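Coordinates in review
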Amino acid sequence: MAAESTRNSSPPSTSQSSPIINLPDDHLLTILLLLPVDSILSFSMTCKRYKSLACSDSLWEALCEREWGPTSVDALKLSSLRDGFSWMLMFQRVYKMDSVCCHKISDPDDDDEESSSFPIPRASHSLNFVNDHLVLFGGGCQGGRHLDDTWTSYVDKSNQSILKWKKVESGTPSGRFGHTCIVIGEYLLLFGGINDRGERLNDTWIGQVFCHEGLAWKLLNVGSLQRPCPPPRGAHSACCIAEKKMVVHGGIGLNGVRLGDTWILELSEDFTSGTWHMVESQQSPPPRSGHTLTCIRENQVVLFGGRGLGYDVLDDVWILDIQEQCEEKWIQIFYNFQDVPEHASLPRVGHSATLVLGGRILIYGGEDSYRHRKDDFWVLDVKTIPSSGLKPQGLSLNGSSVWKKLDRISYGPKSRSFHRACVDCSGRFVYVFGGMVDGLLQPAASSGLRFDGELFMVELVLGFSDLDHQQRTGKGM
């Protein structure tokens, strides 16, 4: 009887074996938001209640905000993309994104030559997105002139395919090309470059964009001559980090020497002055120019590519890791490219590298060691790079989990190098302007080069409509 009673007895209730089931839904949602996405999906398969919680739109909206940031999520809410989509589906489509679509941007006054106004073709300029405006400054143009003009264009979220440029007439820095200009909050920070006389510069300018009223530049106070500051340079790279710091690396210095030093400028609270210091690291990237720096987290910057001392074009990746106690160190990332057959096309200089929606760096264009310009798109998945615990000897990763070459559908811009690109606040739309493109003569000859004045928008394709499918398969074209 005892044995039969044992056989017929009920198993312990779930509430006794798993207290988590007694937690209210809002507490469970708070816990889920602390977990990796894979763990949330596993949790959803436990029971019907958990599946309902783990698939709720409110949870996936919060997850999108956690992964992409509140600015991107707010921008996506305002776009037509949000209509008819769940946040879970949105997350899946961003994760699986494997193509881009390019759109040529038109000027509403293109047909009216008297009223039309737009920047002349150029390369090695700067292009930024700040306060819903594109801001273009300087660069080199036909005839060897180095421009000092500043242009702004308001980006209307309801019609991004048409933009009208407005020239800012006063208060601009001197003419230059090969400078850098980054966004910090609502400000622009411009550093260095090369002027008409071939002189390298190391001045720093700060600009503020006023809604529909233009932009005002002023020279930034970076201390007395006795304080350390970067030597003059051009063709260097820079990015913003930790909301009020600018990182500058490499470039071409005096007498044409390529540099490998790294400097950080920290702005004052009121953005009226700044202080430079040089990064001291046991190892650092070899000297180079025409490379890119991209901030991927508050404490990490990715360096990619460029032209080295022997004029070879590079494809190495480095991380500038800034931890507590002001410890700043460079760490190289190594990749196994056995599963990435197109990796031979990765080395490049004069490309653009932009952090886009989904935690990826979108790399476009540039040129190789033979000065062949490119029109391909790659993404580097920065989520494969740990946010802490990086060792000085470097980090080895599987290339196929990090690098992906994207397909391009619809309009195809010309191959180009030394163009500039910037991303809007949603992280989904990247604007590209100018650069060097092949002329009518031999592409590799300098006389066969020309400056380009095209503005186009690169859209991350999230999910495939029937039209997208037709374009991919060549139907209906």
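As shown above, the structure is provided for reference.
Parameters and conventions
Residues numbered from 1 in each chain as written. Predicted model: local features only at pLDDT ≥ 70, side-chain atom pairs only at ≥ 80, totals over all residues. Heavy atoms only, no water. Disulfide = S-S within 2.5 Å. Buried < 20%, exposed > 50% of the residue type's maximum accessible area, 1.4 Å probe, protein only. Helix = DSSP H or I, 4+ residues; strand = E, 2+ residues; numbered from the N terminus. Pairing = 2+ DSSP bridges. Axes fitted to C-alpha atoms, helices over the stretch in contact; angles between N-to-C directions. 1 Å grid on protein atoms, 1.4 Å probe; cavity = no way out; pocket = protein on both sides within 12 Å on 5 of 7 lines; lining within 4 Å. Points joined across faces, edges and corners; volume = space filled by probe spheres on them. Nonpolar A, V, L, I, M, F, W, Y, C, P; charged D, E, K, R; others polar. Domains from an automatic or database assignment. Expected span 1.5 Å × (residues − 1). Arc of directions from axis to C-beta. Contact = heavy atoms within 4.5 Å.

Considering the state of the cysteines
- Considering all chains together, one arrives at zero disulfides under this definition.
- Cys239 carries a free sulfur, and the closest cysteine sulfur to it, the one in Cys295, is 5.4 Å from it.
- By relative accessible area, which is 6% here, Cys239 ends up buried.
- You can see Cys240 has no disulfide; the closest cysteine sulfur is in Cys295, sitting 6.5 Å from it.

What about the environment of Tyr50?
- Within the secondary structure layout, Tyr50 lies in helix H5 (residues 48-54).
- For the pair Tyr50 and Asp25, spaced 25 residues apart in sequence, the C-alpha to C-alpha distance is 9.2 Å.

With respect to the sheet that holds strand E17 (residues 328-336)
- Pairing within the open sheet is mixed, and its five strands lie in the order E14-E15-E16-E17-E21. The strands lining the two open edges of the sheet, one partner per strand, are strand E14 (292-297) and strand E21 (395-398). Each strand axis lies, on average, 30 degrees off the axis of its neighbour in the sheet, ignoring direction.
- Where strand E15 (residues 300-304) lies against strand E16 (residues 317-322), five bridges are found, and the strand directions are antiparallel.

Describing the layout of surface pockets
- Here the second largest pocket is characterised by a volume of approximately 530 Å³.
- Taken together, 18 residues form the lining of the second largest pocket, with Val37, Asp38, Phe91, Tyr95 and Lys383 sitting closest to its centre.
- Those elements that place two or more of their residues in the lining of the second largest pocket are helix H4 (37-44), helix H6 (57-68) and helix H8 (87-95).
- With five residues, the top contributor of residues to the lining of the second largest pocket is H8.
- When grouped by side-chain class, the residues that make up the lining of the second largest pocket number nine nonpolar, two polar and seven charged.
- Counting the residues that make up the lining of the second largest pocket, at least three belong to each of domain 1 (23-96) and domain 2 (99-461).

Points about H6
- Between its first and last C-alpha, H6 extends 16 Å over 12 residues, near the 16 Å set by a 1.5 Å rise per residue.
- When we look at burial in H6, the residues that qualify are Leu59, Trp60, Leu63, Cys64 and Trp68. Relative to the axis of H6, the buried residues are bounded by an arc of 145 degrees and lie together on one face.
- The inward-facing, buried residues of H6 abut helix H3 (25-32), H4, H5, helix H7 (70-78) and H8.
- Positive phi appears at Gly69, one or two residues downstream of H6, with a value of about 95 degrees.

Considerations on the sheet that holds strand E22 (residues 403-410)
- Spatial ordering of the open sheet is given by E18-E19-E20-E22-E1-E27-E24-E23, a layout of eight strands whose pairing is mixed. With partners counted over all chains shown, the strands left at the sheet margins are strand E18 (352-356) and strand E23 (420-423), one partner each. Strand-to-strand, the axes of this sheet are offset by a mean angle of 30 degrees, without reference to chain direction.

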